[in-house]
Amino acid sequence: MKLSLLLFILYRKLKRAVRVNRDYRSHIGMVRLKILIKTANGKRGRLFIFDRGTLSTRTGGGHQSDAALVWSDASTGFRVMASGSDEESFRAAAEGKLRVEGMAYYIQWFTDGIKLVMK
Amino acid sequence: MADIKAGHLVAKYLKEVEKIDTVFGISGGHIESMLDGFTEYSIRTIDVRHEQAAAMMAHAYSVYTGRPGVCFLTAGPGFTNGLTGIANAYMDNVPLVVLCGRHPLRDDLKGALQEMNQIDMVKPITKWAATCYDARRIPEYMAIAFRNAATGRPGPVFLELPPDILNITIPMESAPMPAKATRNYAVVPADEELTAAADIINNAKQPLFLGGTGVGFSSCSDCLGAFVEKTGIPFMLLNYGRGELPDTHPLSIWDCGNVGLLVTLGQADVIVAAGLRFNWLFMSGDVIPAAAKVVRIDIDPREIDRNRKADAGLVGDIGSVLGRLLPLVEKKDRGEWVRTLRAASYSFIDSELKARLMASDPIHPIRLVAKIQEVVGEDALYVVDGGDTSYFGQVGLFTKQKAGVIGSASGLLGCLGTGIPFGIAAKLARPDTPVVVLNGDGSFGFNSMEFDTMVRHNIPVVVVVNNDCAWGMIKHSQEMSIGGERLQCAELGTRRYDLMVEGLGGHGEFVTKDEEIVPALRRALASGKPACVNVMTDPTVTSPATPLFYQSLKME
């Protein structure tokens, strides 16, 4: 539940950034990408849809995407994402609690955008 | 004492002093005397179909042999055609000796055939460029050329030889040969920098060693092996350094690919970078964490602090520096760090690893690469040329050979079209080793007439075309920037490059299905001919290199 809430808050922050944050608008540019963050069992998740400068969303973990960040469980996903730490993500990946489906670079692009918004 | 044609002096120097066995070029009236010298002194000539390919082959020949490669160009268009290859060698720091004709000195300013100022054109892309005006000084000029090409940071040199001197006969004793070939002299790092570097390395928790072209030209596999095995530092060898230790070495992280490299870089506390520039591929040093300590080793002191201040800077030949560093570093077991970075990297490339194992329709490029690896194996030389193709080839092919996997278009010039010339040079340098070029269909077009060169000289290279019917990297980049509905100059058609090669006398294969890949590759290798395996692959697939490329040119 906490992960779902975190993803919703993240969406709201990014959505606002699309309107008011010049750096973030520049970052997303005209890219068309679907980024999914979900748990491995697919029960929790959120799809972030970037479409030529706009951002929209869908709840749930069963959507098609260009790249997906897959957490072994919701509590790990919440803990690591809330920490905002690259090192925590690295450790989670090494422990098999996080994996990327699709192209890792798209996830990197997505998280770089989050860092722009959070700084 | 006998007389000698001055053009023959060029060949005599190449053969007797520098022990050059092979040269690359196209014939021309201005350099005829030099060509006859090649015959006189039994130097093998590989006559190509475009001078840029000659320069690229000579460039690659130096990579595969460790000695300066030599190409010859005739005046005018021969010269201008060669410029791309020379520029590529300059950007890649490769020793290349270019011997070039020019219009006669006698006819200066008279509107002579191919009269142009070649020296001023070539100067910005060479380490040294000169015209020889005296036949008796040809050996001296040749020695200067080789010295400049090979010493310090290597690079291309250009020697212009007018017919006024090539086409005259002089007494042999008036042009004595130097007693010794070109040799490199040691440059040694400062003791305090060695101590500082050793302290940094000994105190590292999560170090990473990155080696570049300087490692390859140092031929330092013994020193490098001893260094990484004593320190336990995981490593990745890039550019012409690749293969100095086998890709299969337990500390090599090539199995983690470029994505793994970026993931690992982000967590490393010490980076040892040897003979490697922090250029755009490393976001000019920005990918290295601010808190990480950096030890730089380079033959050129100007590189030590470039794009990132070094915490210790060691100037010198890589092997020589590592040899001095070795007694100062402590033996460490960093198995836990290596296992962690490997496991993390695999999590990030999970889809790519799975795509290698699964048949797909249309064929995924990484699946094609995996099949090439399965058939050809680790005792081969691979050359990879293209955009997305370069990424897939470099992360998916592994060898035990020195310079075993070369991304010929992945240098600073991003010179598409180098794959076939590099493949030819690889086969000439190591004729007993299978050579496979993985070409994008776009890059294939630049030098595919060199199949004629391969047929004439019986050079059986297998070229696999990863055919997505497009300039894939450009196409996918445009999809991200200007939108897929506005693609411009990005698409190519379905073309039977295999039939083109058959028409030139080679072997052709056309592949559209996963199960056809292996038999086609086997037939191509068994044919004993230059071969083209034209494989239709998924045009929707892009590589992580494409968004990186796109982002690097984004200005707002």
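Residues numbered from 1 in each chain as written. Chains lettered and ligands numbered in written order. Predicted model: local features only at pLDDT ≥ 70, side-chain atom pairs only at ≥ 80, totals over all residues.

A.B. asks: Whenever I open this one, the overall build of chain A confuses me. Can you help?
C.D. replies: Counting its regular elements, chain A contains five helices and five strands. Seen in sequence order, chain A has helices and strands lined up from the N terminus as α-α-β-β-β-β-α-α-β-α. Computed over its C-alpha atoms, the radius of gyration of chain A comes to 13 Å, within 12% of the 14 Å expected for a compact globule of 119 residues. The C-alpha extent of chain A, read off along each of the three principal axes, is 35 × 30 × 25 Å. A burial count over chain A gives 37% of its 119 residues as buried. Considering only contacts within chain A whose residues lie at least 6 apart along the sequence, 60% involve residues at least 24 apart. (Helix = DSSP H or I, 4+ residues; strand = E, 2+ residues; numbered from the N terminus. Rg over C-alpha atoms; globule rule 2.2 N^0.38 Å. Buried ≥ 20, exposed ≤ 12 C-beta atoms within 10 Å, placed from the backbone. Contact = placed C-beta atoms within 7 Å.)

A.B. asks: Which parts of the structure should I look at to understand the overall build of chain B?
C.D. replies: Within chain B, the regular secondary structure consists of 23 helices and 19 strands. A compact globule built from 556 residues should have a C-alpha radius of gyration of about 24 Å, and chain B, at 24 Å, falls within 12% of that. Overall, the C-alpha framework of chain B stretches about 70 × 60 × 50 Å when taken along its three principal axes. Within the span of chain B, comprising 556 residues, buried residues form 58% of the whole. For chain B, restricting intrachain contacts to residue pairs at least 6 apart in sequence, the fraction spanning at least 24 positions comes to 75%.

A.B. asks: Help me out: how do you make sense of the sheet that holds strand β7 (residues 156-160) of chain B in this one?
C.D. replies: In a beta sheet, neighbouring strands are held together by backbone hydrogen bonds and run either parallel or antiparallel to one another. All names here are of chain B. Strands sit in the order β3-β2-β4-β5-β7-β6 across an open sheet of six strands; the sheet is parallel. Every other strand in the sheet has two partners, leaving β3 (44-47) and β6 (128-131) as the edge strands with one partner each. Strand-to-strand twist of the sheet, defined as the mean angle between neighbouring strand axes without regard to direction, takes the value 20°. (Pairing = 2+ DSSP bridges. Axes fitted to C-alpha atoms, helices over the stretch in contact; angles between N-to-C directions.)

A.B. asks: Before we go on, may I ask you to explain the confidence of the model for chain B in this structure?
C.D. replies: Detailed reading of the predicted coordinates is not advisable wherever pLDDT falls low. Per-residue pLDDT for chain B has a mean of 96; in total, 100% of the residues score no lower than 70. Here the prediction assigns the complex a pTM of 0.96, and the interface score ipTM is 0.92. (pLDDT = per-residue confidence, 0-100.)

A.B. asks: Just to check I follow, could you spell out the sheet that holds strand β18 (residues 507-511) of chain B for this structure?
C.D. replies: Residue and element names in this part refer to chain B. Sheet architecture is open: six strands sit in the order β15-β14-β16-β17-β19-β18, paired in parallel fashion. The sheet is open, and its two borders are formed by β15 (405-407) and β18, each paired with just one other strand. On average, each strand axis in the sheet is tilted by 15° relative to the strand beside it, whichever way the strands run. Sitting on the sheet, helix α16 (residues 388-396) touches β14 (381-385), β15, β16 (435-440) and β17 (462-467), and the angle it makes with β14 is about 155°.

A.B. asks: Mind showing me how you'd approach the packing of helix α3 (residues 74-83) of chain A against helix α4 (residues 86-94) of chain A here?
C.D. replies: Packed helices, taken two at a time, are described by the angle their axes make and the gap between the axes. Residues and elements named next belong to chain A. In the contact formed by α3 and α4, the axes pass within 7 Å of each other and the chain directions differ by 150°. The angle between α3 and α4 falls in the class roughly antiparallel. Here α3 runs over α4; the crossing is left-handed. Listed contacts from α4 to Thr76, Val80 and Ser83 of α3 are Glu88, Ser89 and Ala92. Taken together, the residues of the contact of α3 with α4 break down into two nonpolar, three polar and one charged. (Parallel < 35°, antiparallel > 145°, perpendicular 65-115°, else oblique. Left-handed = near helix turned anticlockwise from the far one by under 90°. Nonpolar A, V, L, I, M, F, W, Y, C, P; charged D, E, K, R; others polar.)

A.B. asks: I'm lost on the interface of chain A and chain B in this one. Help?
C.D. replies: It is common to report an interface's size as the accessible area lost on association of the parts. Every contact between the two is made by 20 residues of chain A and, on the other side, 20 residues of chain B. The set of elements that each furnish at least two residues to the side of chain A that touches chain B consists of α4, β5 (98-102) and α5 (104-118) of chain A. Here the side of chain A that touches chain B is composed, by residue class, of 11 nonpolar, four polar and five charged.

A.B. asks: Looking at this structure, I do not really get helix α15 (residues 365-376) of chain B. What am I missing?
C.D. replies: Counting along an α-helix, one turn takes 3.6 residues, and residues three or four places apart therefore face a common direction. Residue and element names in this part refer to chain B. With 12 residues, α15 ought to run about 16 Å at 1.5 Å a step, and its terminal C-alpha atoms sit 16 Å apart, in line with that. Among the 12 residues that make up α15, nine are buried, leaving the element largely enclosed by the rest of the structure. Among the residues making up α15, those that are buried are Pro365, Ile366, Arg367, Leu368, Val369, Ala370, Lys371, Ile372 and Val376. Residues of α15 that are buried make contact with α14 (350-357), α16, β16, β17, α22 (514-526) and β19 (531-536). Just beyond α15, the residue with positive phi is Gly377, at close to 85°. (Expected span 1.5 Å × (residues − 1).)

A.B. asks: For this particular structure, what's the right way to read the domain arrangement of chain B?
C.D. replies: Residues and elements named next belong to chain B. Domain boundaries assigned for chain B yield domain 1 (3-174), domain 2 (191-345) and domain 3 (356-552). Averaged C-alpha coordinates put domain 2 and domain 3 at centres separated by 30 Å. Listed as interface residues are 15 residues of domain 2 and, on the opposing side, 16 residues of domain 3. Top element by residues in the side of domain 2 that touches domain 3 is helix α11 (residues 257-267). It accounts for three residues. Split by residue class, the side of domain 2 that touches domain 3 holds five nonpolar, seven polar and three charged. (Domains from an automatic or database assignment.)

A.B. asks: Which parts of the structure should I look at to understand the nonpolar core?
C.D. replies: Burial of nonpolar side chains together is a common tendency in soluble globular proteins. Residues and elements named next belong to chain B. Core analysis: the biggest nonpolar cluster contains 206 residues, and Met57, Val98 and Val533 have the highest contact counts within it. For this core, the element with the highest residue contribution is helix α3 (residues 51-65), accounting for 10 residues. In contact with Val533, not counting residues within four places along its chain, are Val462, Val464, Val465, Glu509, Val511, Ala520, Leu521 and Ala524. (Core = buried A, V, L, I, M, F, W, Y, C linked by C-beta atoms within 7 Å.)

A.B. asks: What is the right way to read the pairing of β18 of chain B from this model?
C.D. replies: If a strand is regular, its side chains alternate between the two faces of the sheet. Residue and element names in this part refer to chain B. Most of β18 is tucked away, with four of its five residues classed as buried. Summarising the sheet, β18 and β19 pair through five bridges and their orientation is parallel. Counted as the bridge partner of Phe510 is Asn534 from β19.

A.B. asks: I tried to follow unusual backbone geometry on my own but got confused; where do I start?
C.D. replies: Keep in mind that most residues, glycine aside, have a negative phi and that most peptide bonds are trans. Going from Asp361 of chain B to Pro362 of chain B, the amide bond is cis rather than trans, its omega being 0°. Mapped onto the elements, Pro362 of chain B comes out in the loop between α14 and α15.

A.B. asks: I'm lost on the pairing of strand β12 (residues 293-298) of chain B in this one. Help?
C.D. replies: All names here are of chain B. Along β12, six of the six residues are buried, which leaves the element largely enclosed by surrounding structure. Residues Lys293, Val295 and Ile297 line one face of β12 and the alternating positions Val294, Arg296 and Asp298 line the opposite face, and both faces are buried. Where strand β11 (residues 270-274) lies against β12, five bridges are found, and the strand directions are parallel. Bridging across to β12, Val272 finds its partner in Val295.

A.B. asks: So what exactly am I meant to see when it comes to the packing of helix α1 (residues 6-17) of chain B against helix α6 (residues 138-150) of chain B here?
C.D. replies: Residues and elements named next belong to chain B. Contact pair α1 / α6: the axes reach a minimum separation of 9 Å and the direction vectors enclose 40°. If you check the angle between α1 and α6, you find them oblique. Crossing angle aside, the handedness with which α1 passes α6 is right-handed. Taking contact as the criterion, the partners of Ala6, Leu9, Val10 and Tyr13 in α1 are, on α6, Ile138, Pro139 and Met142.

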